[in-house]
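Take a look at the letters that make up each chain.
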Amino acid sequence: MRLASDFVATVAAVWDELLSGEELAYVTEVPAREARLVPIPEGLHPQVQEALSAQGLTGLYGHQAEAFESASRGEHLVIATGTASGKTLAFNLPVLDALAAEPKLRALYLYPTKALAQDQARALASYGVPRLRPAIYDGDTEAERRWQIRKWANVILTNPDMLHVGVLPHHDRWGDVLQNLRYVVVDEAHVYRGVFGSHVANVLRRLRRAAAIYGADPQFLLASATIANPGELAHSLLGLETTVIGDDAAPRAARTIAFWNPPVLDEELQLRASALGEGSRLLADLVQRGLRTICFAKSRKSAELIHRFAAERVGPELAERLSPYRAGYTPAQRRDIERRLVQGDLLGVTATDALELGIDIGLLDCAISVGFPGTVASLRQQWGRAGRRAKGLAVLVASEDALDQFFMREPEALMDRRVEAAILDHANPRVLDGHVRSAAFEAPLDERDTTFLGPEALERAEALVETGDLQLTKAGYVWSGRDYPAARFSLRSTTPDAFSLVDVATGSVLGLVERERAYSTVHEGAIYLHLGGSYRVLELDLEARTALVEPFTTDYYTQPKKETTTAIEGAELTERRLGMEVSFGRVSVTEQVVAYQKKGIRDQATLELVALELPETTFETEAVWYLPEPWMLEGLEAIERLLGSLHAAEHSMIALLPLWAMCDRWDIGGLSTNIHFQTGRPTVFIYDGHAGGVGIARRGFDQLEGWVADTERLLAGCPCESGCPSCVQSPKCGNLNEFLDKAGALILLRRMLTARAA
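Caption draft 1: Summary view of the packing of helix α18 (residues 429-442) against helix α20 (residues 455-466). As a packed pair, α18 and α20 sit with axes 9 Å apart at the nearest point and diverge in direction by 75°. Compared by their axis directions, α18 and α20 come out roughly perpendicular. Contact residues: α18 offers Pro 429, Leu 432, Asp 433, Val 436 and Arg 437, while α20 offers Glu 456, Ala 457, Arg 460, Ala 461 and Leu 464. When grouped by side-chain class, the residues that make up the contact of α18 with α20 number six nonpolar, no polar and four charged.

So, in structure tokens, the structure goes:
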């Protein structure tokens, strides 16, 4: 008989052969952890107890029992434990218990992706609890089935977008559901951050209000990956106090973690081999050894390329057992891939983050992440897909991005780091106004609604009367228009008047681009990447707010050249930090795109600079800014050196801010100047790239000392001489990465840290 320990040793020995060579930057072992089990609660409904017994469950993990007890006391709760820790059962138990006792009650489950809803529907059906009637209600649901689901399903699985535009504006059709709504489950809550999270917070508050209209007060059960602030996030989303269940009692298999850095091809420029190529090589090597492997990529195109490269490496027979998985496939195609994964027919899959979340895809041996996915929480989610039952392998393949290369040189900065805080701002007027209009359409809005929507909603309602959008009647504020306002805006943008991307070949709308970003991303001649596909912009129609694009394969990319000014509208906080004046507050950012540059993808060579004539755009946002003291700039006073030092410090700090706030560097902007017209001194601004701000700059202000220390380590550790894409060069620089002084930035940051220690 073969012991489990023998199997673990054999599997590890197979991949140990691969973990060698100059590409291996770091390797460590994470030990296994035993489960902490407790008895199944006696108060659980007998039918649910029978269902658990039928699945072979004789006990619960400690946090699952704690969640059930908390829910039984009527508390709202957020379960924030690790990957594969049984969060699904933790929030299902209270729901199953309630519905077994009263089948006419309703539960609403919200998921950020359709695949997750499909997976949960299968899981619920597998319990076999009598009179449990789950159904999916989303964009794929046939029209003739929708009224049936509203009538008979007691667990309805949907997503925030459908709730926003398909349910709440038509709540009269949902009266029976809302009247009997007992639980609302919000899974993968950590996804709801930034602009999207700010919108979803308002949708959830509108749901609470709609339920109250029908006499219901549902309990909210949230589940999240491990984040730094689960209680704060839950309160921001709901406006309610919640109990945090965070003591993870689930077992964990042992895991090998490896950091893989593609070899350097050009020492002077610090150009490295393709991360996609290295990822495909590792994927091919692992599946050829019989190891079931998932490889995560950051875009659709990357996932498809890694799959193609790996299939070419393994040959036609084994290639049949490889598959990509991404958004854009039909529901039937996605279901088939999920089924083949669970059944073990597939040996390797390349995926976007559509499979990062909690879909049950069976027993995998290895997980490869090609490029740091943006947050520590997300990376742990990806790594957690492998090694659920036996020892697993997790690999991070670095891109040339500054953050990736920082981790290759400073692995403990990643391994020892607490997961980030998820931040949002539901009261951002750019976000809130659309929901105030929507709420006023759904029912007259008055002072009583501040309980759900917050006092800011009534303030905005008053302002929207002046614009003619709302009317003040005896019943309260009501919508003035003929259409329903929820259909006017997306949950993914802060700007209602966004530009539409239209594919001229098909006439289909590919997506929306915020007006503030349109001029820099979809100007005429721009190469635009949309969900991994490459397009060239043929025309930007400013009046129709439309960008006409065509699919385009090329060996160059475009980068806009912008002139930017930043005006301080008001400082909310000013403190003496790191020996200098540091402020957080509101700023106005004015940008004008004046040209764009074509750059070679392979060698980064400048091919052409093309002039543009586009209008200025101005938006108000939140920023952190600091004024270095004269002694900090001693020896850097020459104008070119000063500009380059400030500019390089700004870039490198932007590159590291995602470590402290759950965001992407594309969510952040910056400006550095030798003399700012308001401060009269050298000043560096770093601001939220979304109008109104969503809390990113505030997080930077709060964590300034650690943020600057990480940035100094980034610059000090990069082996390049004068700056490269792995430290101070930015793919989104409006000055085309001109005037960058890495050495000067390092001097400035070190002097700031010296002042901290003094």
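Caption draft 2: Quick look at unusual backbone geometry. Notably, Glu 188 is not glycine yet its phi reads approximately 55°, a positive angle. Position of Glu 188 relative to the elements: it lies in the loop between β8 (181-186) and α9 (194-213). Residue Phe 739 is not a glycine yet carries a positive backbone phi of 55°. Summarising the element assignment, Phe 739 is placed in the loop between α24 (704-717) and α25 (742-757).

Caption draft 3: Seen up close, the pattern of salt bridges. Throughout the structure, instances matching the rule amount to 28 salt bridges. With its nearest N and O atoms 2.9 Å apart, the salt bridge here joins Glu 75 to Arg 73. A network of salt bridges, in which partner residues are shared, links Glu 23, Glu 278 and Arg 281.

Caption draft 4: Spatial organisation of empty space enclosed by the protein. All chains considered together, the criterion is met by two cavities of 30 Å³ or more. A volume near 60 Å³ is recorded for the largest cavity. Residue lining of the largest cavity: Leu 108, Ile 156, Thr 158, Leu 163, Val 167, Trp 174, Val 177, Leu 178, Leu 181 and Leu 207, and that is the complete set. Among the elements of the structure, β7 (155-158), α7 (160-167) and α8 (175-179) are those that each provide at least two residues to the lining of the largest cavity. Residues belonging to the lining of the largest cavity are distributed by class as follows: nine nonpolar, one polar and no charged.

Caption draft 5: How the structure looks around α9. When the terminal C-alpha atoms of α9 are compared, their 29 Å separation across 20 residues agrees well with the 28 Å that a helix rising 1.5 Å per residue should span. Across the 20 residues that make up α9, a large majority, 18, are buried. Gly 215, located one to two residues past α9, shows a positive phi value of around 85°.

Caption draft 6: The state of the cysteines, seen in detail. For the structure on display, the rule yields zero disulfides. Take Cys 718: it sits in no disulfide, and the sulfur closest to it among the cysteines is that of Cys 724, at 3.5 Å. Look at Cys 718 and you get buried, because its relative accessible area is 5%. Cys 724 sits in the buried class, given a relative accessible area of 1%.

Caption draft 7: Inspection of the sheet that holds strand β18 (residues 392-397) at higher detail. Reading across the sheet, the seven strands line up as β1-β11-β18-β17-β14-β16-β15 and stay open at both edges, with mixed pairing between neighbours. Lying at the two open borders of the sheet, with one neighbouring strand each, are β1 (24-30) and β15 (322-325). Averaged over all neighbouring strand pairs, the angle between strand axes comes to 15°, with direction disregarded. Where β1 meets strand β11 (residues 255-260), six bridges bridge the pair, whose relative direction is antiparallel. Bridging from a neighbouring strand, Tyr 26 pairs with Phe 259 of β11. Here helix α12 (residues 300-314) sits on the sheet in contact with β14 (293-296), β15, β16 (348-351) and β17 (366-370), set at roughly 175° to β15.

Caption draft 8: View of the sheet that holds strand β9 (residues 219-224). Sheet architecture is open: seven strands sit in the order β6-β7-β5-β8-β9-β4-β10, paired in parallel fashion. Of all the strands in the sheet, the pair left with one neighbour each is β6 (134-136) and β10 (243-245). Taken over all neighbouring pairs, the strand axes of this sheet differ in orientation by 20° on average, direction set aside. As paired strands, strand β4 (residues 77-80) and β10 are joined by three bridges and run parallel to one another. Among the inter-strand pairings, Leu 77 is bridged to a residue of β10, identified as Thr 243.

Definitions and limits used
Residues numbered from 1 in each chain as written. Predicted model: local features only at pLDDT ≥ 70, side-chain atom pairs only at ≥ 80, totals over all residues. Heavy atoms only, no water. Axes fitted to C-alpha atoms, helices over the stretch in contact; angles between N-to-C directions. Helix = DSSP H or I, 4+ residues; strand = E, 2+ residues; numbered from the N terminus. Parallel < 35°, antiparallel > 145°, perpendicular 65-115°, else oblique. Contact = heavy atoms within 4.5 Å. Nonpolar A, V, L, I, M, F, W, Y, C, P; charged D, E, K, R; others polar. Salt bridge = Lys/Arg side-chain N within 4 Å of Asp/Glu carboxyl O. 1 Å grid on protein atoms, 1.4 Å probe; cavity = no way out; pocket = protein on both sides within 12 Å on 5 of 7 lines; lining within 4 Å. Points joined across faces, edges and corners; volume = space filled by probe spheres on them. Expected span 1.5 Å × (residues − 1). Buried < 20%, exposed > 50% of the residue type's maximum accessible area, 1.4 Å probe, protein only. Disulfide = S-S within 2.5 Å. Pairing = 2+ DSSP bridges.

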